[in-house]
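Architecture at a glance
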Amino acid sequence: MEILGIDHIVFTVGDISQAVEFYIKLGLKLQFQSDQAGAAVMVISDENPNLLLLKGEDKKGGLEHPRLWIEVHDARASTEELKEKGFKFAKEPQLIPTGWLVEMNDPWDNIIGFNNYHLQPHFGRRGGSHNRKNGVL
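Structural notes, computed from the coordinates. (Residues numbered from 1 in each chain as written. Predicted model: local features only at pLDDT ≥ 70, side-chain atom pairs only at ≥ 80, totals over all residues. Heavy atoms only, no water.)

**Quick look at the overall build of the chain**
Of regular secondary structure, the chain possesses two helices and eight strands. Starting at the N terminus, the α and β elements of the chain follow one another as β-α-β-β-β-β-α-β-β-β. By the burial criterion, 38% of the 137 residues in the chain qualify as buried. Looking at the chain alone, contacts between residues at least 24 apart form 50% of all its contacts between residues at least 6 apart. Roughly 8,900 Å² of accessible area belongs to the chain as shown, and the carbon and sulfur atoms make up 53% of that amount. (Helix = DSSP H or I, 4+ residues; strand = E, 2+ residues; numbered from the N terminus. Buried < 20%, exposed > 50% of the residue type's maximum accessible area, 1.4 Å probe, protein only. Contact = heavy atoms within 4.5 Å. Areas by Shrake-Rupley, 256 points an atom, 1.4 Å probe, with all protein chains shown as cover.)

See the structure below:
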């Protein structure tokens, strides 16, 4: 079996329409929505994966919430831009081995992170060997 990459990231949400509104405000685009099926597909970028939202029950427990990390050019600048749109962050961006990372929660406590690779650009889309479209995205 050859693994080709991630197809979708799946978050369970309490309300599809509210989730679509949240993720559109965040900057993703709506590809498909069916309230009858209880599902929506949000486009993250021109490449896969997309984010699949499924309606589900709110479950409180000790398990880690799912995480979606989105690569951006500058995580600190993205944080300020999102704060201007009314998004809240539990803590300020932190420096990790590859660059800056900041995380926030959606209304169902799924975790969305924004990271950049300025400390190790060879791992990022602009500098890594895994780049698509002849090395340019």
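**A word on the environment of Lys25**
Inspection of the secondary structure puts Lys25 in helix α1 (residues 16–26). The class of Lys25 is partly exposed, set by a relative accessible area of 42%. The spacing of Lys25 and Gly86 is 61 residues in sequence and 9.6 Å in space, taken between C-alpha atoms. Excluding anything up to four places from it in sequence, Lys25 contacts Lys85 and Phe87. At 3.0 Å, the side chain of Lys25 forms a polar contact with the backbone oxygen of Lys85. (Polar contact = N/O pair within 3.5 Å; in protein donor to acceptor, adjacent residues only side chain to side chain.)

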